[in-house]
Amino acid sequence: MTVKVIPSHSIKAFRYRVFCLGQDLWNARDPISRANLALQLADAATTLARMEVQAAQPFGSSSSYSLPEAGHS
């Protein structure tokens, strides 16, 4: 049996992480747990968004898009 290991800092791992945290948040009942899950989800989603932008850069679309730095809008 071969087990596939996904590198923990890969884009695929962050996609799974965002999905699972979203499911956990949806099912959580305790307000403190929901708050903690929401923070984790926001952090993972932000990282994923940055990774997706980096992955899209080589495709050289005509309208270039980049995410703002943290804390800036």
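One can find the structure itself at the top, above this paragraph.
Everything numeric in this text was worked out from a predicted model, so none of it was measured. (Residues numbered from 1 in each chain as written. Predicted model: local features only at pLDDT ≥ 70, side-chain atom pairs only at ≥ 80, totals over all residues. Heavy atoms only, no water.)

**Let's talk about the nonpolar core**
Nonpolar side chains in soluble globular proteins generally cluster together in the buried interior. In this structure, Phe14, Val18, Leu21, Leu25, Ala28, Leu37, Leu41, Ala44, Leu48 and Met51 together form the largest nonpolar core, which totals 10 residues. Residues in contact with Ala28, not counting those within four places in the same chain, are Arg34 and Leu37. (Core = buried A, V, L, I, M, F, W, Y, C linked by side-chain atoms within 4.5 Å. Buried < 20%, exposed > 50% of the residue type's maximum accessible area, 1.4 Å probe, protein only. Contact = heavy atoms within 4.5 Å.)

**Observations concerning the packing of aromatic side chains**
Applying the stated criterion to the full structure yields zero aromatic pairs. The ring centre of Phe14 lies 4.4 Å from the NZ or CZ of Arg17, which sits over that ring. (Phe/Tyr/Trp six-rings, centres within 6.5 Å; stacked < 30°, edge-to-face > 60°. Lys NZ or Arg CZ within 6 Å of the ring centre and 35° of its normal.)

**As for the environment of Met51**
You can see Met51 is positioned in helix α2 (residues 31-56). Sequence separation between Met51 and His9 is 42 residues, and the spatial gap between their C-alpha atoms is 9.9 Å. Ignoring anything within four residues of it in the chain, the contact list for Met51 reads His9, Ser10, Ile11 and Phe14. (Helix = DSSP H or I, 4+ residues; strand = E, 2+ residues; numbered from the N terminus.)

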